[in-house]
Amino acid sequence: MANRKQYDDDDGRVIANMNVDGMPWYMKAERRSKKQDFSDLDKKEMGALIKGALGASLLIGGAFILGLGLFILFCILVWFR
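Throughout what follows, the structure given in this document is the object of discussion.

Here we come to the overall build of the chain. Along its length, the chain carries two helices and zero strands. Looking at the 81 residues of the chain, the share that counts as buried comes to 1%. For the chain, the accessible surface area stands at approximately 8400 Å², while carbon and sulfur atoms represent 64% of it.

This part covers a nonpolar patch on the surface. On the surface, Leu 66, Leu 68, Leu 70, Phe 71, Ile 72, Leu 73, Phe 74, Ile 76, Leu 77, Val 78, Trp 79 and Phe 80 cluster together to form a nonpolar patch covering roughly 1300 Å² of accessible area. Residue placement: Phe 80 occurs in the segment after helix H2 (43-79).

Here we take up a negative patch on the surface. Together, Asp 37, Asp 40, Asp 42 and Glu 45 make up a negatively charged patch on the protein surface. Following the sequence through the fold, Asp 37 ends up in the loop between helix H1 (29-33) and H2. Exposure remark for Asp 37: the relative accessible area of 54% places this residue in the exposed category.

Applying the stated criterion across every chain, the model contains three aromatic pairs. On the numbers, 6.5 Å between centres and 70 degrees between planes, the contact of Phe 71 with Trp 79 is edge-to-face. Under the relative-accessibility criterion, Phe 71 is labelled partly exposed at 44%. Summarising the aromatic geometry, the rings of Trp 79 and Phe 80 are spaced 5.7 Å apart at their centres and angled 10 degrees between planes, so their arrangement reads as stacked. Judged by its relative accessible area of 62%, Phe 80 falls in the exposed class.

Time to look at the environment of Asp 42. Residue position: Asp 42 is located in the loop between H1 and H2. There is a polar contact of 3.0 Å between the side chain of Asp 42 and the backbone nitrogen of Glu 45.

Rules and cut-offs
Residues numbered from 1 in each chain as written. Predicted model: local features only at pLDDT ≥ 70, side-chain atom pairs only at ≥ 80, totals over all residues. Heavy atoms only, no water. Helix = DSSP H or I, 4+ residues; strand = E, 2+ residues; numbered from the N terminus. Buried < 20%, exposed > 50% of the residue type's maximum accessible area, 1.4 Å probe, protein only. Areas by Shrake-Rupley, 256 points an atom, 1.4 Å probe, with all protein chains shown as cover. Patch = residues over 30% accessible without salt bridge, like charges linked within 9 Å, V, L, I, M, F, W, Y side chains within 5 Å. Salt bridge = Lys/Arg side-chain N within 4 Å of Asp/Glu carboxyl O. Lys, Arg positive; Asp, Glu negative; His and termini not counted. Charge placed at Lys NZ, Arg CZ, Asp CG, Glu CD. Phe/Tyr/Trp six-rings, centres within 6.5 Å; stacked < 30°, edge-to-face > 60°. Polar contact = N/O pair within 3.5 Å; in protein donor to acceptor, adjacent residues only side chain to side chain.

The structure is reproduced here in structure tokens:
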């Protein structure tokens, strides 16, 4: 994370809390304190986690590639005739 600029007149008080319910960046107090830590996983569990994430991303990428291929076939066989 970038180093934040230190101001001489900053006393640390919050003037306006920007954590507003309904905004995309809203975090509840109990979620703010919970951070996911994967350091306690062993090699087998970490491999399964990586394999699952990679499989999900390849599935989505494959769907996009299939859709693009079908669009090109549609253009060649139907639209441009």
